[in-house]
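Observations on the three-dimensional arrangement
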Amino acid sequence: SVVDYTSGGAPGDFAQSLKATGFAVLTNHPIKYSLIEQVYDEWREFLTSGLADQAKYERSMETQDGYFSMARAESAKGQTLQDLKQYYQLYFPRGRYPEEVSDRARVLFHQMLELGRELLQWIDEHMDAATREQLRTNNVTRLAETLDPTNTMMRILRYPPYDPELAAPG
């Protein structure tokens, strides 16, 4: 269901929507859409300009950060056709961050992390006893405490327009 972040009943409505459907659409949240658009715009430019193709940004198998080109596109589980996309994986505070883009993606990451922490707190507050007990068996007392920004990845994706020269439709 649609949950208005600014509503006094938002925490309970959010948790109930997750219980009922597994999803919730959160409106009026504190992350500005203009920031999201700015991040997409500048990273689209970075990914399409060729700057991401530099060796210094190529993905690292060890750290899993950096640029993943369409040539390295992964396939969905059980599928043979590649999911043609290019993306850059960011880890904060570690990991490589391109000097050709602004700090906006980092700002967005931290804002989304804080919103995520708040949403986990809402879930914690409205969790039923059976679920809470199941978490305790895994040494978890509160979901919000499991959020670890140093092990959280931000992936900036770009799906290019379809080009029949690159791949057959699938």
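Refer to the structure above for everything that follows.
Please read all numbers here as calculations on a predicted model, not as lab measurements. (Residues numbered from 1 in each chain as written. Predicted model: local features only at pLDDT ≥ 70, side-chain atom pairs only at ≥ 80, totals over all residues. Heavy atoms only, no water.)

As for helix α2 (residues 33–48)
To keep things clear, this is the line we draw: Secondary structure counts use DSSP, requiring at least four H or I residues in a row for a helix and at least two E residues in a row for a strand, with both numbered from the N terminus. In a helix, the anticipated span is given by 1.5 Å times the number of residues less one. What makes two residues a contact is simply this: any of their non-hydrogen atoms within 4.5 Å.
Relative to the 22 Å expected for 16 residues at 1.5 Å per residue, α2 spans 22 Å between its end C-alpha atoms, a close match to the ideal helical length. Against β3 (66–68), β4 (86–91), α3 (104–125) and β5 (153–158) lie the buried residues of α2. Trailing α2 by a residue or two, Gly50 shows a phi angle of about 95 degrees, which is positive.

A look at the nonpolar core
Taken as a class, soluble globular proteins show a tendency for nonpolar side chains to be buried jointly. Rules: Side-chain atoms within 4.5 Å are what join buried Ala, Val, Leu, Ile, Met, Phe, Trp, Tyr and Cys residues into a set we call a nonpolar core. Buried residues are those whose accessible area, probed at 1.4 Å on protein chains only, stays under 20% of the maximum for their type, while exposed residues exceed 50% and partly exposed ones sit between those limits.
In this structure, Trp43, Phe46, Leu90, Ala105 and Met154 are the most contacted members of the largest nonpolar core, which totals 28 residues. Broken down by secondary-structure element, the contributors of at least two residues to this core are α1 (10–21), α2, β4, α3 and β5. With seven residues, the single largest contributor to this core is α3.

Thoughts on the sheet that holds β3
Just so we agree on the cut-off: Note on pairing: two strands pair once DSSP finds at least 2 bridges between them. To obtain each axis, a line is fitted to C-alpha atoms, and for helices this fit is confined to the stretch in contact; angles are then taken between N-to-C directions over 0 to 180 degrees.
With respect to topology, three strands assemble into an open sheet ordered β3-β4-β5, the strand pairing being antiparallel. Each edge of the open sheet carries a strand with a single partner, namely β3 and β5. Direction aside, neighbouring strands of the sheet carry axes that sit 20 degrees apart on average. Bridge count for β4 against β5 is six bridges, and the pairing is antiparallel. Across the sheet, Leu90 pairs through a bridge with Met154, a residue of β5.

Brief notes about the packing of α1 against α3
We count it as follows: Any angle that is under 35 degrees is reported as roughly parallel, and any over 145 degrees as roughly antiparallel; angles of 65 to 115 degrees are reported as roughly perpendicular and all others as oblique. Lys, Arg, Asp and Glu make up the charged group, whereas Ala, Val, Leu, Ile, Met, Phe, Trp, Tyr, Cys and Pro make up the nonpolar group; the residues left over, Gly among them, are polar.
It is the contact of α1 with α3, at a shortest axis distance of 9 Å, that shows an interaxial angle of 80 degrees. With respect to each other, α1 and α3 are oriented roughly perpendicular. Residues Ala10, Pro11, Phe14, Ala15 and Leu18 of α1 form the contact with α3, whose own contacting residues are Leu119, Trp122, Ile123 and Glu125. Of the residues assigned to the contact of α1 with α3, the class counts are eight nonpolar, no polar and one charged.

Concerning the environment of Ser102
Tracing the backbone through its elements, the reader meets Ser102 in the loop between β4 and α3. Among the residues examined, Ser102 registers a relative accessible area of 26% and is labelled partly exposed. With 29 residues separating them in the primary sequence, Ser102 and Thr131 have C-alpha atoms 42 Å apart. Residues in contact with Ser102, not counting those within four places in the same chain, are Glu42 and Tyr97.

Examining the packing of aromatic side chains
Where we set the bar: Two rings from Phe, Tyr or Trp (for Trp, the six-membered ring) form a pair when their centres sit within 6.5 Å of each other. Planes less than 30 degrees apart are called stacked, planes more than 60 degrees apart edge-to-face, and all others tilted. When the NZ atom of lysine or the CZ atom of arginine is within 6 Å of a ring's centre and also within 35 degrees of its normal, the charge is said to sit over that ring.
Per the counting criterion, the structure on display carries 11 aromatic pairs. One aromatic cluster is present, built from ring pairs that chain together Trp43, Phe46, Tyr57, Tyr88, Phe92, Tyr97 and Phe109. For the cation-ring pair, Arg94 lies above Tyr91, with the distance from its terminal atom to the ring centre recorded as 4.3 Å. Directly above the aromatic system of Tyr87 lies the positively charged group of Arg155, at a separation of 4.0 Å from the ring centroid.

Overview of α1
Side chains of residues three or four places apart in an α-helix project in the same direction, reflecting 3.6 residues per turn. Defined as follows: To obtain the arc, one takes the directions from the helix axis to the C-beta atoms.
Here α1 spans 16 Å end to end across 12 residues, near enough to the 16 Å set by a 1.5 Å rise per residue. Turning to α1, its buried residues are Ala10, Pro11, Phe14, Ala15 and Ser17. All buried residues of α1 project into a common sector of 155 degrees when viewed along the axis, lining one side. Buried residues along α1 sit against β1 (2–4) and α3. Within two residues after α1, Gly22 carries a phi angle of roughly 85 degrees, on the positive side.

A short note on the pairing of β4
Each regular strand carries side chains that alternate between the two faces of the sheet. Of all six residues making up β4, six are buried, and the element is well covered by its neighbours. A two-sided burial pattern is seen for β4, the buried positions comprising Gln86, Tyr88 and Leu90 on one face and Tyr87, Gln89 and Tyr91 on the other. One ladder, built from three bridges, connects β3 with β4; its direction is antiparallel. Its bridge partner being in β4, Tyr67 is matched across the sheet by Tyr88.

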